[in-house]
Amino acid sequence: MSEATPKQIDVLVVGAGFAGMYMLHRLRALGVSAQVVEAGSDVGGTWYWNRYPGARCDVPSVEYSYSFSDELQQDWDWSEVMAGQPEILEYANHVAERFDLRRDIKFDTRVTSAHYSEEQRRWTVTTDAGDVYDAHYCVMATGCLSMPNTPDIEGASDFEGAVYHTGQWPHEGVDFSEVSVGIIGTGSSGIQAIPVIAEDAKHLTVFQRTPNYTMPAHNRQMTDEFRAEAKANYATIRQQQRDSQAGIVGYGFGFGGADLIMPSDHLLETTAEERAKAVDEEGFGAIRRFIDIGLNPEANEMACDMYRTQLGRIVNDDATAEGLKPRDYPIGCKRPVIDTDYYETYNRDNVTLVDLRQGGIERITRTGVQTAQGHFEFDALVYATGFDAMTGALLNIDIKGRDAKPLGDVWEAGPRTYLGLQVAGFPNLFMITGPGSPSVLSNMIVSIEQHVDWITDCIAHMGDRQLQAIEATPEAEDAWIHHVNDVAKGTMFTSPSCNSWYLGANIPGKPRIFMPYVGGVGAYRKKCDEVVENDYEGFELTA
Ligand code: NA7
């Protein structure tokens, strides 16, 4: 494999999702040579792989879209407030064609290793197709949720029916009519897929380990008037997004401005009657108004109570409603989920909930799942069991920095980065939306564009000054990690009762570290800009 003659390149980019595509576009404009390597057969990343029924973005499409080209945002028409997977993939394809990206992307090829040479100050990157690249810079656009997690359940290989993972769905789709289906997992993917599969399948059995808090999405068709208004306001919307906490200002929902979704009331100041009235009048929406839910555990528990009350009103069967009620962990600790008719689905005759808190999965059998509550049979099994988030895709590549030190060793106790952009000991290697940056706590496209712009400017700066290597200093990295931990402390995200993939808690043996940066995309962008203004403070630049 390493017999191949290395291809000399300025920048090697791993991944052709929204990050890799925009990275390529910017690098070309900079006039450097760039090659993208992508495991899938086409562009789109997350939206290429996650084709399960009901897959949909939970950020409004007006905001979950590239801002770098005004012509693009003026030309593209979204059909729904929150577009479904097929439409987002169509958008990715449109971008690839419009900017002629595919000619520099090698598809169906997985990067297997990336090794740094201190002497050359370059990276040698190899792929499973036998290619070898000799690159000055290596950019990991590998995605935060791209390594599917299939739990190691005893007997899994005994199952005789068809098996699917939401994150690796067959491109031709699956016909579940006349099929009884079992699904494991009730995160975003499960909650989006369950209502749609239930409509199709003969019977659906849902295996739920932890019930989630999920809010109605209120998705709808976008009107011509709203589309025109959004397009006319794009300059303002984009600026507000960049300055905001999460890269979302709510404009895309049709609210017309940031302030309308900002909670301001205090739940601790309400009476029981007022809370009951709020649920009567606003349903789940009542919870959105209160700011102290995210700050105070007592207020949070009050909100959870309101939530359970509303849930109990939707689900007809009392035992099923009880089974669906989240307890023992705060609202807002896991990734917020929004849904369309999720709880209503449990009122269907062909849907059964198995609340694994009443007795867990013992093993998978030839015909179904054996739990401590009994055996459940079905024809097809769907894993909606998520991803090895944030670090999984990076650690899946054999990355070795200075002195052949493996990234896996450096990150043994959890990911260490400076700004989520670089790792000390790994010069000229950049991550897009790496751990320690807002990433998954934000609208990914806003964070992707910010990182791509920062990296492009950095590479331009290096070229202008004829510098060879850039590397985060260990001191800057330590200080940043300290800050990332500091701002996460005391939030619901790091509550001891919280077991989220933000903390790596979904992967057995993964260190429990809160990985994304809670400080907000606005403040984070300012910090990154200041670093540049202060001559790349915290980085060592070598001639
Ligand atoms: P998530 O949010 O990680 O959800 C995975 C689900 O699978 C969750 O309910 C897990 O329960 C469940 N799970 C995982 N392993 C098991 C085993 N062994 N037994 C039973 N249940 C299990 O992944 P998603 O794909 O839904 O969403 C990921 C993100 O993609 C989402 O947040 C959006 O950002 C897009 P648990 O809660 O761990 O008890």
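What you see is a predicted model, and the numbers here were worked out from it, not measured in a lab.

Topic: the site of the ligand
Link 1 in the chain: The ligand sits among 17 residues. The nearest are T186, S189, R209, T210 and K334.
Link 2 in the chain: The contact in question runs from an oxygen atom of the ligand to an N or O atom on the side chain of R209, over 2.9 Å.
Link 3 in the chain: The fraction of the free accessible surface of the ligand (780 Å²) that becomes covered by protein chains is 86%.
Link 4 in the chain: In terms of residue class, the shell around the ligand is made up of 6 nonpolar, 8 polar and 3 charged.

Quick notes on the sheet that holds strand β14 (residues 368-371)
Link 1 in the chain: The strand order across the open sheet built from 3 strands is β13-β14-β15, with neighbouring strands paired in antiparallel fashion. The strands lining the two open edges of the sheet, one partner per strand, are β13 (361-364) and β15 (374-377). Taking each pair of neighbouring strands and ignoring which way they run, the sheet shows an average axis angle of 20°.
Link 2 in the chain: In terms of strand pairing, β13 meets β14 through 3 bridges, oriented antiparallel. If you follow R363 over to β14, its bridge partner there is Q370.

Remarks on the state of the cysteines
Throughout this description, disulfide means a covalent bond between two cysteine sulfur atoms.
Link 1 in the chain: Applying the stated criterion across every chain, the model contains 1 disulfide.
Link 2 in the chain: There is a disulfide in this structure between C333 and C498, and the S-S distance comes to 2.1 Å. Across the S-S bond linking C333 and C498, the dihedral sits near 90°, which makes this disulfide right-handed. Of this pair, C333 sits in the loop between α10 (318-324) and β11 (337-339) while C498 is found in the loop between α15 (474-488) and α16 (521-533), placing the two residues 165 residues apart along the sequence. Taken individually, C333 and C498 each receive the classification buried, so the pair is uniform in this respect.
Link 3 in the chain: For the unlinked cysteine C57, the closest cysteine sulfur is that of C144, found at 14 Å.
Link 4 in the chain: We classify C57 as buried; its relative accessible area is 5%.
Link 5 in the chain: The closest cysteine sulfur to the non-disulfide-bonded C304 is located on C333, 9.5 Å from its own sulfur.

Let's talk about the domain arrangement of the chain
Link 1 in the chain: One can read the domain layout of the chain as domain 1 (7-147 + 388-468 + 517-542) and domain 2 (253-332).
Link 2 in the chain: A straight line from the C-alpha centre of domain 1 to that of domain 2 covers 37 Å.

Quick notes on the pairing of strand β2 (residues 34-37)
For a regular strand, side chains alternate in direction, first toward one face of the sheet and then toward the other.
Link 1 in the chain: Side chains of β2 alternate between two faces, with A34 and V36 and Q35 and V37 buried alike.
Link 2 in the chain: Pairing of strand β1 (residues 7-14) with β2, which is carried by 4 bridges, proceeds in the parallel orientation. Bridging across to β2, V11 finds its partner in A34.
Link 3 in the chain: Remark: the β1/helix α1 (residues 18-30)/β2 crossover connection has right-handed handedness.
Link 4 in the chain: As paired elements, β2 and strand β3 (residues 105-106) share 2 bridges and run parallel to each other. Its bridge partner being in β3, V36 is matched across the sheet by I105.

Considering the packing of aromatic side chains
Link 1 in the chain: Applying the stated criterion across every chain, the model contains 40 aromatic pairs.
Link 2 in the chain: Aromatic pair Y66 and Y91: ring centres 6.2 Å apart, planes at 35°, arrangement tilted. Separated by 25 residues along the polypeptide, Y66 in the loop between α2 (46-49) and α3 (70-75) and Y91 in helix α4 (residues 85-98) bring together distant segments of the chain. Like Y91, Y66 is buried.
Link 3 in the chain: On the numbers, 6.4 Å between centres and 70° between planes, the contact of Y307 with Y343 is edge-to-face. Separated by 36 residues along the polypeptide, Y307 in helix α9 (residues 297-314) and Y343 in helix α11 (residues 342-345) bring together distant segments of the chain. Like Y307, the residue Y343 is buried in the burial classification.
Link 4 in the chain: Among the aromatic residues, those joined into a ring-pair cluster are F18, Y22, W47, Y64, Y66, F68, W76, W78, Y91 and F99.
Link 5 in the chain: Here the guanidinium or amino end of K334 rests over the ring plane of Y329, the centre of that ring lying 5.6 Å away.

Notes on the environment of A424
Link 1 in the chain: Within the element layout of this structure, A424 appears in the loop between α13 (407-410) and β18 (429-431).
Link 2 in the chain: Placed 46 residues apart in sequence, A424 and I470 show a C-alpha to C-alpha distance of 9.8 Å.
Link 3 in the chain: Discounting chain neighbours no more than four positions away, the residues touching A424 are E471, A472, T473, P474 and E477.

Cut-offs and rules
Residues numbered from 1 in each chain as written. Predicted model: local features only at pLDDT ≥ 70, side-chain atom pairs only at ≥ 80, totals over all residues. Heavy atoms only, no water. Near = heavy atom within 4 Å. Polar contact = N/O pair within 3.5 Å; in protein donor to acceptor, adjacent residues only side chain to side chain. Areas by Shrake-Rupley, 256 points an atom, 1.4 Å probe, with all protein chains shown as cover. Nonpolar A, V, L, I, M, F, W, Y, C, P; charged D, E, K, R; others polar. Pairing = 2+ DSSP bridges. Helix = DSSP H or I, 4+ residues; strand = E, 2+ residues; numbered from the N terminus. Axes fitted to C-alpha atoms, helices over the stretch in contact; angles between N-to-C directions. Disulfide = S-S within 2.5 Å. Buried < 20%, exposed > 50% of the residue type's maximum accessible area, 1.4 Å probe, protein only. Domains from an automatic or database assignment. Right-handed = clockwise from strand over helix to strand, strands pointing away. Phe/Tyr/Trp six-rings, centres within 6.5 Å; stacked < 30°, edge-to-face > 60°. Lys NZ or Arg CZ within 6 Å of the ring centre and 35° of its normal. Contact = heavy atoms within 4.5 Å.

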